[in-house]
There are 2 protein chains.
Amino acid sequence: MERQPSKIGPELRGMLQEGKAEDIKAFLKDQHPYDIAEFIGSLEPHEIARIVLILGDPRGPDAFQKLDTDLQVEVLLEMPRREGARLMEDMDPDERVDLLKALPGEEAEKVIPLIAQAERNEIARLADYEEGTAGSVMTTEYVAVSGDLTVAEALSELRRIAPDRETIYNVFVLDDDRKLIGVITLKNLFILPSLAKVKDVMKSDAKSVSVGDDVEDVARVVRDYDLISVPAVDESDRLVGIVTVDDVVDVFEEEATEDIYRYGAAGEPLRYLPSSPLSLARQRVPWLILLAAVGFISGAIIHRYEAAITSVFALAVFIPVINASGGNAGTQASTVIIRSLATGEVSLSDSLRIFWKEIVVGLSMGVVVGLVGALRGYLMENSIRLAVTVGLAMVSVVLLATVMGAVLPLIFKKIKLDPAVVSGPFIASVLDVVALLIYLELARYMLNI
Amino acid sequence: MERQPSKIGPELRGMLQEGKAEDIKAFLKDQHPYDIAEFIGSLEPHEIARIVLILGDPRGPDAFQKLDTDLQVEVLLEMPRREGARLMEDMDPDERVDLLKALPGEEAEKVIPLIAQAERNEIARLADYEEGTAGSVMTTEYVAVSGDLTVAEALSELRRIAPDRETIYNVFVLDDDRKLIGVITLKNLFILPSLAKVKDVMKSDAKSVSVGDDVEDVARVVRDYDLISVPAVDESDRLVGIVTVDDVVDVFEEEATEDIYRYGAAGEPLRYLPSSPLSLARQRVPWLILLAAVGFISGAIIHRYEAAITSVFALAVFIPVINASGGNAGTQASTVIIRSLATGEVSLSDSLRIFWKEIVVGLSMGVVVGLVGALRGYLMENSIRLAVTVGLAMVSVVLLATVMGAVLPLIFKKIKLDPAVVSGPFIASVLDVVALLIYLELARYMLNI
């Protein structure tokens, strides 16, 4: 597991400059495409282009498609267009479509006609599926057989087509209309009697998804049923592709990343190291300004209560802790609910249970924190009234924050927005406003100011 | 994909009460273990126990091990001990060890002697591995052959042992000392000449991991190399188990959940629906109290500057926006860095680059937000001095927050703490203190108070 891509990159550059194509080939012959991509990823696009072409099929395209899509585009633009088209023909269908979608429009128009007809049809078919659907991540390199074959016939058919397929471990069984009627694992084909008909021994209620299904739901099916791949069918139940578990792993990671970024109000994820500081700042600054604007509202409230605060300055001293308690309790609750929604542990139908539960959670936490606050209030000014004000304010703010933190993500989900947009900073800022109003109004009443 | 577990549970309960064991068997015959677990998961433990026993091997244990471990324990305690031992014998080795570890000590002591010797040895072997290592999630149901076999011999050996194994698609090749010398996929065995020796056609530099490796690192290897399983070896390179991709999917999800909870300062994850409100509150309240304590420090600072604030009350009005800007900029930066560390996109060796980058990011965001703040300051009091104070405070607070938010997770990682502990609420609270000090000290200087 030792890899030092940082040292190998320059070494490859050296070989390239000395024109030692054969050395490069020999050196990378036994490397995994992922490692090759790591090695060459730090080189200049024109150097990467040359190495990919030197490697040839299948090593070149395999390594090439492990590069980030942005880099793939840069590398492709460095290649003679005809070579680029050949390279694209040899890519996996789903990766190829991703690359084409990322290419500048005019370049795509010029390269597509150079791609062989079969792959071009494939592209047309896959490019139709919307981003984020099963269709957009599926591959068409599955294996399928007719249910009328015997197990032995199916095995020899598989042996014939296996070399061209990404995975052959789930064998899909189709009827004459290419409708999916079942699935059988290679393992079972392997151990079942060779004269049995496939359709008699297959699993007929195979899990399948629709090409239009949300890729997160597809990922959940693969996770729950421990699948290596799941078939995707069109509206007439015809098999059009499969989503493999390695794509699902990527989906789970990307979704978690997106959620975490939204949740930290950090904008959409960018690749960190290659991005310029200004583009990183551009992702974050809109949220910062928006949340500053909410801060101005809190400021306006403090302004309105100027008389009360200047007459009992101790009130100002407790503003940070009351704001913090509200913001943090809200962040905690929304964290728990957003994540539970994302993993499928709770769903919208649990909303009422969540609501009641969080009331009890919020109240019990509020009482604990409120007692601490009241004690601090009493010790500071020796005033029971201040103590009660601070304590009551903390109880109600923590209760309200907890319930809001839990309910807002549910409402967002209900109206089909991403619950993760109810970010920690967002909840905290909004709760600052509410907490100040509750606290200062309560103070005016309790302290007669 | 339509499932309504909520309706099927009561139906099964009815059959159980009428003693229709055969109906239950027939009804669940073709269901996937995951679905069966969903159906029976809402029943009482003693009902689940009866259904699992009715189903028998392999359906019963397969469904049983899809239940949450806590529930497995409750169900097992409802079974006659001998039946429980039989059930455990039929579980997957890694699931079995997890269950045993969760059992109350005395119960484990009573049930272990009833388990067959072979499985007992297995347990002893697996139970030794520390939580969170490859050894703790691996299974021992892999397939391995000697490198001296021919392809045809290997295939017939596979055919013989396949029925008992979780996965047969990666075939591991061992020498006489059970040392791992290579791997070959079933797909390749399938298409290669049948008389070739396995050791001549296998992939000899197979990716492997150590049993003691962190399971997150193992998951990353599986993800990067698109593996279905990865072999785990002991210190003398002997194959002891494999980690399969379905476990890896779970690892990624659990790790993301843990990180998100830590990051929201929400304590350790609990299963939401089955947990009582008080146990949920108990997870969250320590953080709330800790962060409230930090809030008291902020309060003490405000107290110290009472004279300044009461003489220019506008200063108090800008406290929320300055705190919010610091807290949010810090949260954003730490979000980006924590997540990039978790996915492996950046590592500690990038620390210096990150530091410089975030200085530029923080400065440019600070200038934008600072201008907004200064404008608001000027409009409010018509005072250039207040405007400059607010603006400068915001620039320095945002800059400092951004750099701290990025650097703290790196420091935590460096001293081998989880970077995700640098939670949003934590960063925000600490920055409140720092921001207040900067702002109020600056104000005292700028406004001569």
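Residues numbered from 1 in each chain as written. Chains lettered and ligands numbered in written order. Predicted model: local features only at pLDDT ≥ 70, side-chain atom pairs only at ≥ 80, totals over all residues.

## Brief notes about the overall build of chain A
Defined as follows: Starting at the N terminus, helices and strands are each numbered in turn, a helix being any DSSP run of H or I of at least four residues and a strand any DSSP run of E of at least two. For the radius of gyration, the atoms used are the C-alpha atoms, and the globule rule reads 2.2 Å times the number of residues raised to 0.38.
Assigned secondary structure in chain A consists of 22 helices and 6 strands. On C-alpha atoms alone, chain A measures out to a radius of gyration of 30 Å, which is more than a quarter above the 22 Å that the 2.2 N^0.38 rule sets for 449 residues. Principal-axis analysis of the C-alpha atoms gives chain A an extent of 90 × 60 × 40 Å.

## Quick notes on the nonpolar core
Stated formally: Nonpolar cores are identified as sets of buried Ala, Val, Leu, Ile, Met, Phe, Trp, Tyr and Cys residues joined via C-beta atoms within 7 Å. Residue burial here comes from a neighbour count, namely the number of other C-beta atoms, placed from the backbone, that lie within 10 Å of the residue's own C-beta, with 20 or more meaning buried, 12 or fewer meaning exposed, and in between meaning partly exposed. By the criterion used throughout, residues are in contact when their C-beta atoms, derived from the backbone, lie within 7 Å.
Membership of the largest hydrophobic core comes to 278 residues, with the highest contact counts inside it found for Val 171 and Val 243 of chain A together with Val 171 and Val 243 of chain B. Those residues within four positions of Val 171 of chain B in sequence are excluded, and the remaining contacts are Val 143, Val 145, Ala 154, Leu 158, Val 183, Ile 184, Leu 186 and Leu 189 of chain B.

## Quick word on the relation of the copies chain A and chain B
Definition in use: Least squares is used to superpose the copies, and the fit set is the C-alpha atoms of residues whose pLDDT is at least 70 in both copies.
It takes a turn of 180° to lay chain A on chain B, together with a shift of 0.0 Å along the axis; the resulting RMSD is 0.1 Å. One copy is carried onto the other by what is essentially a two-fold rotation axis. In this assembly the copies share their binding face: 99% of the residues contributing to the interface of chain A also contribute to that of chain B.

## Regarding the sheet that holds strand E5 (residues 229–233) of chain A
The pairing of strands in a sheet happens through backbone hydrogen bonds and is either parallel or antiparallel. Residues and elements named next belong to chain A. The cut-off we apply is this: Note on pairing: two strands pair once DSSP finds at least 2 bridges between them. In this analysis, axes come from line fits to C-alpha atoms, helices being fitted only over the stretch in contact, and the angle between any two N-to-C directions falls in the range 0 to 180 degrees.
What the 3 strands build is an open sheet, ordered E4-E5-E6; its pairing is mixed. Only two strands of the sheet have a single neighbouring strand rather than two, namely strand E4 (209–210) and strand E6 (239–244). Of the strand pairs in this sheet, E5 and E6 are connected by 5 bridges, and their pairing is antiparallel. The residue bridging Ala 232 from the neighbouring strand is Gly 241, located in E6. In the packing of helix H15 (residues 215–224) onto the sheet, the strands contacted are E4, E5 and E6, and the crossing angle to E5 comes to about 140°.

## Things to note about helix H8 (residues 93–102) of chain B
Inspection of H8 of chain B places Asp 94, Arg 96, Val 97, Leu 99 and Leu 100 of chain B among the buried residues, and these make up the whole buried set. Where the residues of H8 of chain B are buried, they touch helix H6 (69–77), helix H7 (81–89), helix H9 (105–111), helix H10 (117–127) and helix H11 (134–137) of chain B.

## Here we look at the sheet that holds strand E6 (residues 239–244) of chain B
All names here are of chain B. Ordered by their spatial adjacency, 3 strands build an open sheet running E4-E5-E6, and the pairing between neighbours is mixed. Single-partner strands in this sheet number two, and they are strand E4 (209–210) and E6. For E4 and strand E5 (residues 229–233), the ladder comprises 2 bridges, and the chain directions are parallel. Within E5, the residue paired with Ser 210 across the bridge is Val 233. Running at roughly 60° to E6, helix H16 (residues 245–263) makes contact with E5 and E6 of the sheet.

## Some details on the domain arrangement of chain A
Operational definition: Domain start and end points were adopted from an automatic or database domain assignment.
Taken domain by domain, chain A consists of domain 1 (5–128), domain 2 (143–252) and domain 3 (277–446). For domain 1 of chain A and domain 2 of chain A, the distance between their C-alpha centroids amounts to 30 Å.

## Overview of helix H22 (residues 424–446) of chain B
So the rule is basically this: Take the residue count of a helix, subtract one, and multiply by 1.5 Å to get its expected span.
Look at H22 of chain B: 31 Å from first C-alpha to last across 23 residues, which is about the 33 Å you get at 1.5 Å a residue. At the exit of H22 of chain B stands Asn 448 of chain B, carrying a positive phi of roughly 50°.

## Quick look at the interface of chain A and chain B
A common way to report how large an interface is uses the accessible area buried once the components associate. Spelled out, the test is: Residue type decides the class: Asp, Glu, Lys and Arg count as charged, Ala, Val, Leu, Ile, Met, Phe, Trp, Tyr, Cys and Pro as nonpolar, and the leftover types, Gly among them, as polar.
Of the residues lining the interface, 91 residues belong to chain A; the matching set on chain B comes to 91 residues. Those elements that provide at least two residues to the side of chain A that touches chain B are helix H13 (186–191), H15, helix H16 (245–263), helix H17 (277–304), helix H18 (306–311), helix H19 (314–343), helix H20 (351–381) and helix H22 (424–446) of chain A. Counting residues per element, the side of chain A that touches chain B draws most heavily on H17 of chain A, which supplies 18 residues. Of the residues in the side of chain A that touches chain B, the class split is 54 nonpolar, 19 polar and 18 charged.

## Focus on the packing of H8 of chain B against H10 of chain B
All names here are of chain B. For the record, the criterion: Here roughly perpendicular refers to angles of 65 to 115 degrees, roughly parallel to angles under 35, roughly antiparallel to angles over 145, and oblique to all remaining angles.
The contact between H8 and H10 brings their axes to 10 Å, and the two run at 75°. Taken together, the axes of H8 and H10 lie roughly perpendicular to each other. Touching Pro 93, Asp 94, Arg 96, Val 97 and Leu 100 of H8 are Glu 122, Ile 123, Leu 126 and Ala 127, all from H10. Looking at the contact of H8 with H10 residue by residue, the classes come out as 6 nonpolar, no polar and 3 charged.

## A few points about the confidence of the model for chain A
We count it as follows: Each residue carries a pLDDT score, the predictor's confidence in it, ranging from 0 to 100.
Looking at chain A, the pLDDT average stands at 89 and 99% of residues meet or exceed 70. Interface scoring of the predicted complex returns ipTM 0.79; its pTM is 0.79.

## A few points about the pairing of strand E3 (residues 180–185) of chain A
Residues and elements named next belong to chain A. Relative to E3, strand E2 (residues 170–174) runs antiparallel, the two sharing 5 bridges. Bridging across to E3, Leu 174 finds its partner in Leu 180. Connecting E2 to the antiparallel partner E3 that follows it, the hairpin turn spans 5 residues, and Arg 178 within it adopts a positive phi of roughly 65°.

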